[in-house]
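Descriptive structure summary
Spelled out, the chains give:
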Amino acid sequence: MKILHTADWHLGKKLYSHSRMEEQKKVLQEIIHIADQENVDLVIIAGDVFDSLLPPLEAEELYYQTIKKLSDRENRLVVVIAGNHDAPDKITAAAPLAITNNILLLGYPRQELRYKQLAHFQITKSAPGFVEIQHPQMPLIRLLLTPFVNASRWNESPDSDLDWANRDLWLQNQMIHHWNDLAAQYIDQNGVNLLVAHLFLSEAGGTKYSETEDKQILRGTLFGMDSSHLPDSLQYTALGHLHQMHSAGKNAWYSGSPVAYSFSEAEQDKFVLIVEIDPGKPAIVKPVKLQSTNLLRRRNCFSFDEIDALLEEFPNDLFEIQLTIQQQSM
């Protein structure tokens with residue numbers, strides 16, 4: 001089967017006072033085109049659909065229009081989980097309508113789906129944070145689903161005497177046990193086995209990824225985990241939260257955001273990931289570069305003429321410019 005993995009749309013986000021809505025409309029239309037062109041069976045949106053808990057109406061309309069178009073094929077499933085920027089209940093509010101369009105919406109990390117039948121797919125097994133889905137033309141799909149986790153959304157708190165570092169560790173251990181229990185109970189080599197999660201994850205033994213201008217350490221979250229904690233039986237982990245496309249090791253990937261949202265992402269190309277996967281085999285990951293988004297650029301300039309030349313060379317891109325003017329001596 002073939003999967004399109006995307007995340008971190010941040011619909012409604014502005015760059016200072018500059019709206020990105022037109023860029024977002026163009027790039028989501030491009031993602032729909034890629035899904036159709038690649039004939040994907042499953043679209044994964046790994047959190048941070050919106051930029052705020054109360055997004056503007058235009059952002060909500062764009063979201064619903066996009067997931068409806070992505071799900072328009074009878075043999076395509078769409079899965080959406082909540083990120084830390086999303087209100088979990090807002091993500092799941094349309095679930096009764098979404099299932100009639102082969103769309104699964106998950107807001108909480110231990111949520112269990114109440115619905116057993118989609119329009120063209122059947123849910124054969126479910127548990128908190130897990131679902132197994134069947135379609136006559138596909139292998140079984142096993143999904144471990146982990147929307148953004150903190151103590152509140154996990155709905156359980158550690159001992160109040162623990163300091164922040166140990167509270168983070170407690171939550172990580174809770175999540176690791178949760179994943180391993182689900183994998184041991186439901187996963188074998190007779191299906192396609194995936195984890196969809198919105199969290200910080202780094203490659204085991206590698207440098208921890210940082211987006212200092214865009215991300216803050218969120219205490220009481222799964223902060224600082226590495227991919228060695230993922231169950232070995234997973235074939236692919238679709239991640240959201242970090243905005244640059246990269247591998248976190250152990251076939252766990254961030255698709256990155258489809259639009260550059262802060263100047264910490266200056267000069268970054270943007271992608272979706274196309275993942276080909278069969279039962280019992282490693283996933284094959286192909287990045288597809290997005291063409292309809294504007295780059296952010298940082299430049300040091302020494303005259304207004306230099307700024308004018310830049311804006312003429314890159315008329316559609318957005319700049320952060322540091323202007324240095326040398327004072328002439330008398």
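Refer to the structure presented above.
Overview of the structure. (Residues numbered from 1 in each chain as written. Predicted model: local features only at pLDDT ≥ 70, side-chain atom pairs only at ≥ 80, totals over all residues. Heavy atoms only, no water.)

What follows concerns the environment of Glu38. Residue position: Glu38 is located in the loop between helix H1 (21-37) and strand S4 (42-46). Residue class for Glu38 comes out buried when judged on its relative accessible area of 15%. For the pair formed by Glu38 and Lys68, sequence separation is 30 residues and the distance between their alpha carbons is 18 Å. Residues in contact with Glu38, not counting those within four places in the same chain, are Lys2, Ile274, Lys286 and Val288. (Helix = DSSP H or I, 4+ residues; strand = E, 2+ residues; numbered from the N terminus. Buried < 20%, exposed > 50% of the residue type's maximum accessible area, 1.4 Å probe, protein only. Contact = heavy atoms within 4.5 Å.)

Within the largest apolar cluster, 36 residues are counted, with the highest numbers of intra-cluster contacts made by Leu77, Leu104, Ile133, Leu143, Leu194 and Tyr236. Mapped onto this core, the elements with two or more residues apiece are S4, strand S5 (77-81), strand S6 (103-106), strand S8 (130-134), strand S9 (140-146), strand S10 (191-198), strand S13 (236-240) and strand S16 (271-276). Setting aside residues no more than four positions away along its own chain, Tyr236 makes contact with His5, Asn193, Leu194, Leu195, Asn251, Trp253, Leu273, Val275, Ile277, Ala283 and Val285. The next biggest cluster of nonpolar side chains, apart from the first, holds 34 residues, and it includes Trp9, Val40, Ala98 and Ile274. (Core = buried A, V, L, I, M, F, W, Y, C linked by side-chain atoms within 4.5 Å.)

Reading across from one edge, S7-S8-S9-S10-S13-S15-S14 is the order of the 7 strands in this open sheet, with mixed pairing throughout. Strand pairing shows two members of the sheet lacking a second neighbour, strand S7 (122-127) and strand S14 (246-249), which therefore form its edges. On average, adjacent strands in this sheet sit at an angle of 20° to one another, irrespective of strand direction. Strand direction decides the pairing type here: S7 and S8, joined by 5 bridges, are antiparallel. By the bridge assignment, Gln122 is partnered in S8 with Gln134. (Pairing = 2+ DSSP bridges. Axes fitted to C-alpha atoms, helices over the stretch in contact; angles between N-to-C directions.)

Strand order in the open sheet formed by 6 strands is S6-S5-S4-S1-S16-S17, with mixed pairing between adjacent strands. Sheet topology places S6 and strand S17 (284-289) at the edges, where each strand pairs with a single neighbour. Going from strand to strand, the sheet's axes swing by 20° on average, the running direction of each strand aside. Pairing analysis gives 6 bridges linking S16 to S17, with the strands arranged antiparallel. Residue pairing across strands places Glu276 opposite Ile284, the latter belonging to S17. Running over the sheet, H1 touches strand S1 (2-6), S16 and S17 and is turned about 165° from S1. Packing of helix H2 (residues 57-70) onto the sheet brings it into contact with S4, S5 and S6, and relative to S5 it is tilted by some 145°.

Judged by how many residues are buried, S10 sits mostly within the fold: 8 of 8 residues are covered. Bridging between S9 and S10 involves 7 bridges; their strand directions are parallel. Its bridge partner lying in S10, Arg142 is registered against Asn193. With 5 bridges joining them, S10 and S13 adopt parallel strand pairing. Residue pairing across strands places Ala197 opposite Leu239, the latter belonging to S13.

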